[in-house]
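The chain contents come next:
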Amino acid sequence: MAFKRSAVRPRLPPPEDCNQLAKAEKNDILTKLNKKIVFVENKEPFGDGHSSEKIVSIIKKYFSEV
């Protein structure tokens, strides 16, 4: 019994989403690289900086103890 291949398209994030995760597959990576990214006004697409502040404080603490 032969199986039919279905043309399933990958689900893409909405156009306002600039963060895109890709599988470790050539076609998925190329699809997401070629997708137009639209930044929504008044939205912080890369976060508000709290993570980087925490990372810097941990690095400073580490070097002050060394």
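Rules behind the numbers
Within any chain, residue numbers begin from 1 and follow the written order of that chain's sequence. Local features in this predicted model are restricted to residues of pLDDT 70 or higher, and side-chain atom pairs are both shown and tallied only at a pLDDT of 80 or more, whereas totals for entire chains, interfaces and linings draw on every residue. With hydrogens and water set aside, each side-chain value is computed from the structure's full complement of heavy atoms. By the criteria applied, helices consist of DSSP H or I runs no shorter than four residues and strands consist of E runs no shorter than two, each listed in order from the N terminus. The buried label goes to any residue with under 20% of its type's maximum accessible area, the exposed label to any with over 50%, and the partly exposed label to all in between, with areas taken from a 1.4 Å probe on protein chains only. The Shrake-Rupley method, run with a 1.4 Å probe sphere, supplies the accessible areas, and residue values consider only the shown protein chains as cover. The patches described consist of residues with a relative accessible area above 30% and no salt bridge, like charges being joined within 9 Å and nonpolar side chains (Val, Leu, Ile, Met, Phe, Trp, Tyr) within 5 Å. Any Lys or Arg side-chain nitrogen found within 4 Å of a carboxyl oxygen on Asp or Glu counts as a salt bridge. The contact rule is simple, with two residues in contact once any of their heavy atoms fall within 4.5 Å. Two aromatic rings, drawn from Phe, Tyr or Trp (for Trp, its six-membered ring), form a pair once their centres lie within 6.5 Å of each other, and the interplanar angle then sorts them: stacked below 30 degrees, edge-to-face above 60, tilted otherwise.

Peer 1: Which residues make up the overall build of the protein, and what are the values?
Peer 2: Along the backbone of the protein there are 2 helices and 0 strands. Here the protein, with 66 residues, has 6% of them falling under the buried criterion. In the form shown here, the protein has an accessible surface area of approximately 6800 Å², with 57% of it arising from carbon and sulfur atoms.

Peer 1: Help me get a handle on a nonpolar patch on the surface, residues and values and all.
Peer 2: Taken together, Ile55, Ile59, Tyr62, Phe63 and Val66 make up a surface patch of nonpolar side chains, about 580 Å² in accessible area. Mapping Val66 onto the fold places it in the segment after helix H2 (50–65). Owing to a relative accessible area of 72%, Val66 belongs among the exposed residues under this scheme.

Peer 1: I'd like to hear about the pattern of salt bridges, residue by residue, with values.
Peer 2: Side chains carrying opposite charge are able to pair once their charged atoms draw close together. Under the criterion given, the structure shown has 1 salt bridge. A salt bridge links Asp28 to Lys32, with the nearest nitrogen and oxygen atoms 3.3 Å apart. You can see Asp28 and its partner Lys32 sitting in helix H1 (residues 26–33), 4 residues apart, about one turn around the helix. Grouping residues by exposure puts Asp28 and Lys32 together as buried.

Peer 1: Could you give an account of the environment of Asp28, naming the residues involved and the relevant values?
Peer 2: Classification of Asp28 by relative accessible area gives buried; the value is 8%. Once residues within four sequence positions are removed from consideration, Asp28 is found in contact with Leu21, Ala22 and Lys23.

Peer 1: Run through the packing of aromatic side chains, naming residues and quoting values.
Peer 2: All chains considered together, the criterion is met by 1 aromatic pair. The interplanar angle of 80° and the centroid separation of 5.1 Å between the aromatic rings of Tyr62 and Phe63 together place this pair among those described as edge-to-face. Residue Phe63 is classed as exposed on the basis of its relative accessible area of 58%.

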